[in-house]
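# Tertiary structure, described
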Amino acid sequence: MSASIASADAGFVELVSRSVVLRERNIDTDQIIPARFLTTTERKGLGKFAFNDWRYLADGAPNPAFELNKPENAGAAILVAGRNFGCGSSREHAPWALTDLGLRAVISSEIADIFRSNSLKNGLLPVVIGQELLDELLARPGIELRIDVRERRLHLPDGRSAEFPLDAFAQTCLIEGVDQLGYLLRQQEAINQYEQRRATAQSQTQESSHAR
Amino acid sequence: MTTPTTLFDKLWDAHLVAPESEAAPAVLYIDLHLIHEVTSPQAFAELEARGLKPRRADLTKGTLDHSTPTLPAGADGRLPYYTAEAEHQVDTLRRNCARHGIELFDFDSAHRGIVHVIGPELGLTQPGQTIVCGDSHTATHGAFGALAFGIGTSEVGHVLATQCLLQRKPKTLAIEIEGELAPGVGAKDLILHVIGEIGVNGGTGHVIEYRGSTVRALSMDERMTVCNMSIEAGARAGLIAPDQTTFDYLAKTPRAPRGADWDRAVARWSEFKTDHGARFDRVVRIDASAIKPTLTWGTHPGQVAAVDAVLPQAGDADEAKALAYMGFEGGAALAGRPVDVVFVGSCTNSRLSDLRQAAEVLRGRHVHPRVRMLVVPGSEQVKRDAEAEGLDAVIRAAGAEWREPGCSMCIAMNGDLVGAGQLAVSTSNRNFEGRQGKGARTLLASPLTAAACAVAGQVVDPRDYLAHAVKEVA
């Protein structure tokens, strides 16, 4: 079964998908996409390099034991991974590679700061849940999960659900398809004022020091 | 009396364009934006697509380091790029900088080098600043009391377009370090030990301030090594309050303020310190006097051991996987493992003092015939200074390769890499699977340890290789 993504216009309000599980803890961005694939100047088409060194055997053939290569996991949009997913480098190529692979959410008990920030800018939802529930999800690959972005809630097939933290601003951006640069550009006036305040403060310090 | 605040609070408050609210993150002003070829092209493309221009090209500085070869140009004058794509990436940054009037430290500059080496050495990095770069080791600049952190490429675009970032205020973690480091034990051993103590995710969501008498006694090069690896504990930034050591370093840099401006700058910089009685969200205490030369043994920087320790038994599937990847068995000694490659370099340990330490061990000795050793200075300036002291001659005479500045083997995307199954002792910052090349195995260590392992051809205690053997009597 493939994933379904409900959206309000271009936004992201709900995701229903089977889970694909990578049980390892501390999966770093060098595993998500090794540095030797970072010489690109594009952000598209990086899915073929995702988890490259785990996904392919020495001869270049797909590793049949790797979860994302298994036929039953084709089309899964929710990755459930061990604690501290996305640690390491700031490369945004990591979420670019994962979304290009069709993933739209990563569930873990801890997600590294920069990876989380990068993911939210690319429609990849970081879902942090308690370790106990994560252990259960890690042990039950392939179950159908539903993520409700409005309620910030992860729903299990047996009716249980868990709330996850999601910054109100990031949530609005996801749901409304608003981009953060657009928001920052609208802060122009405040940025001008800040620069003027600083310039004034600096010239005042200079005057008082000349007077001394 | 005002409430005592931390260094971090002062940095944060001084850069608030708009405070955070429930509905929106803070808008934080950025004083210095460092860019390099790998994480900037898509950001410039985004600006172009939206018809935007960089707001403050004057606060943006570029260098070429990650994709660049560390071998010199050939007889035809061309640099031996690893791939045509790498060369194209470098040319793309050149075009973007030229087009927007951004200063680029290119191959014709006397100051090109690793982004986190040249910022401080030029004096671009100053206390009290906010500094960002599309590179997680931007934490390095926190050694000067600047709030410095790595950002993604979308955020590189945000800073180019607005000189600002949207940020939620992180928590604060004080790491209080007391006690004198033993001879032969340095800043790299200290930070590896700290990461081992708090864990590879121990700093997530926090900004670290390194404090205490041990930290005060460190040189700027050593402070940079410590702050550099803050991200390896999950913290986006690490801070050390500026003091006379900081000012003495900056006074010698070409871009630092001069004359009356210098005095005003020092007065302003001196205010950036944590007030007595200020509260941190978390405090961790470390006894530095007990630290021995330390290396990683596994596949993340939190898996560390003293050089004389035995490897831990696998406590779970992840540790078993790490041991298997490394070709190690739990319970065996780390010392005595045959070493194939030694790398001295990277934004963690490629400054003049690091190269001096490696050369101190190599002087009058020879790299073991089994070992390939690369020494890669962090910048053109470091290279010139090292050559003026004759360090290059010592390093070459010992049979190691002396290269051109760049990230080199730390990231294995420029032609310098470790072969599959080979064991490397590296002064870099990440021992992740495949970080130094597909299938490569990495032990992170100090420059002293790395050089000693190169001579011995196996993992050894560097204290046996110092001019005056300093190892305590067992």
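The model shown is predicted, which means the values in this text are computed figures rather than measured ones.

What counts and what doesn't
- Residues numbered from 1 in each chain as written.
- Chains lettered and ligands numbered in written order.
- Predicted model: local features only at pLDDT ≥ 70, side-chain atom pairs only at ≥ 80, totals over all residues.
- Helix = DSSP H or I, 4+ residues; strand = E, 2+ residues; numbered from the N terminus.
- Rg over C-alpha atoms; globule rule 2.2 N^0.38 Å.
- Buried ≥ 20, exposed ≤ 12 C-beta atoms within 10 Å, placed from the backbone.
- Contact = placed C-beta atoms within 7 Å.
- Pairing = 2+ DSSP bridges.
- Nonpolar A, V, L, I, M, F, W, Y, C, P; charged D, E, K, R; others polar.
- pLDDT = per-residue confidence, 0-100.
- Axes fitted to C-alpha atoms, helices over the stretch in contact; angles between N-to-C directions.
- Domains from an automatic or database assignment.

A word on the overall build of chain A. Looking only at helices and strands, chain A features eight helices and eight strands. In summary, chain A has a C-alpha radius of gyration of 21 Å against a globular reference of 17 Å for 212 residues, an excess of more than 25%. Counting only C-alpha atoms, chain A reaches 75 × 45 × 35 Å along its principal axes. Out of the 212 residues in chain A, the part that is buried amounts to 44%. Within chain A, residue pairs in contact and separated by at least 24 positions form 64% of the contacts whose partners lie at least 6 positions apart.

Let us now look at the pairing of strand β10 (residues 206-211) of chain B. Residues and elements named next belong to chain B. Judged by how many residues are buried, β10 sits mostly within the fold: six of six residues are covered. Here β10 shows a buried face lined by His206, Ile208 and Tyr210 and a second buried face lined by Val207, Glu209 and Arg211. The sheet contact formed by strand β9 (residues 171-178) and β10 spans six bridges and is parallel. Within the sheet, the bridge partner assigned to Ile175 lies in β10 and is Tyr210.

Time to look at the interface of chain A and chain B. At the interface, 42 residues of chain A touch 55 residues of chain B. Listed by contribution, the elements that provide at least two residues to the side of chain A that touches chain B are α1 (29-32), α4 (113-120), α6 (168-176), α7 (180-185) and α8 (188-211) of chain A. Here the side of chain A that touches chain B gets five residues from one element, more than from any other, and that element is α8(A). Residue classes in the side of chain A that touches chain B are distributed as 14 nonpolar, 15 polar and 13 charged.

Once that is clear, we can look at the pairing of strand β6 (residues 130-133) of chain B. All names here are of chain B. Where burial is concerned, the two faces of β6 agree: the one with Thr130 and Val132 and the one with Ile131 and Cys133 are both buried. Summarising the sheet, strand β3 (residues 32-35) and β6 pair through three bridges and their orientation is parallel. From the neighbouring strand, Leu34 faces β6, where its bridge partner is Cys133. The sheet contact formed by β6 and strand β7 (residues 147-150) spans four bridges and is parallel.

Once that is clear, we can look at the environment of Asp135(B). Along the chain, Asp135(B) falls in the loop between β6 and β7. Setting aside residues up to four positions removed in sequence, Asp135(B) forms contacts with Ser90(A), His36(B), Thr39(B), Val115(B) and Gly150(B).

Detailed reading of the predicted coordinates is not advisable wherever pLDDT falls low. All names here are of chain B. In this model, chain B carries an average pLDDT of 97, and 98% of its residues clear a pLDDT of 70 or more. Low pLDDT, under 50, characterises residues 470-474; the predicted model gives this stretch six contacts beyond four residues in sequence or across chains. Here the complex is predicted with pTM 0.96, and the ipTM for its interfaces comes to 0.95.

The next point concerns the sheet that holds β3(B). All names here are of chain B. The five strands are arranged β5-β4-β3-β6-β7 in an open sheet whose pairing can be described as parallel. Since the sheet does not close on itself, it has two edges, and those belong to β5 (103-105) and β7, each with one partner. On average, adjacent strands in this sheet sit at an angle of 20 degrees to one another, irrespective of strand direction. By the bridge criterion, three bridges tie β3 to strand β4 (residues 60-63) in an arrangement that is parallel. Bridged to Leu34 within β4 is Lys61.

On to helix α12 (residues 352-362) of chain B, then. Residue and element names in this part refer to chain B. By the criterion of burial, α12 is predominantly enclosed, with eight of the eleven residues buried. Along α12, the positions that sit buried rather than exposed are Leu352, Asp354, Leu355, Gln357, Ala358, Ala359, Val361 and Leu362. Residues of α12 that are buried make contact with α8 (220-228), β15 (341-344), β16 (372-375), α13 (380-388), α14 (391-397) and α15 (447-456). Looking one or two residues beyond α12, the residue adopting positive phi is Gly364, at roughly 75 degrees.

Residue and element names in this part refer to chain B. Ordered by their spatial adjacency, five strands build an open sheet running β17-β16-β15-β18-β19, and the pairing between neighbours is parallel. Two strands lie at the open edges of the sheet, namely β17 (401-402) and β19 (441-444), each paired on one side alone. Looking at chain direction, strand β18 (residues 423-426) and β19 are connected through four bridges and run parallel. Residue Leu423 lies in a different strand from β19, and its bridge partner there is Arg441. Where α15 meets the sheet, its contacts fall on β15, β16 and β18, and the angle it forms with β15 comes to roughly 150 degrees.

So, about the domain arrangement of chain A. Here the domain parsing of chain A yields domain 1 (4-178) and domain 2 (180-212). Between the C-alpha centres of domain 1 of chain A and domain 2 of chain A there is a distance of 40 Å.

With a phi close to 65 degrees, Asn84(A) is a non-glycine residue in the positive phi region. With respect to the helices and strands, the residue Asn84(A) is situated in the loop between β3 (78-81) and α3 (93-100). Backbone geometry at Ala412(B) places phi at a positive 50 degrees, although glycine is not the residue there. For Ala412(B), the position within the fold is in the loop between β17 and β18.

Let us now look at the environment of His158(B). Within the secondary structure, His158(B) sits in helix α5 (residues 153-162). The sequence separation of His158(B) and Glu46(B) amounts to 112 residues, and the corresponding C-alpha distance is 9.7 Å. For His158(B), the residues in contact, after removing those within four places along its chain, are Gln180(A), Leu181(A), Leu184(A), Cys164(B) and Leu165(B).

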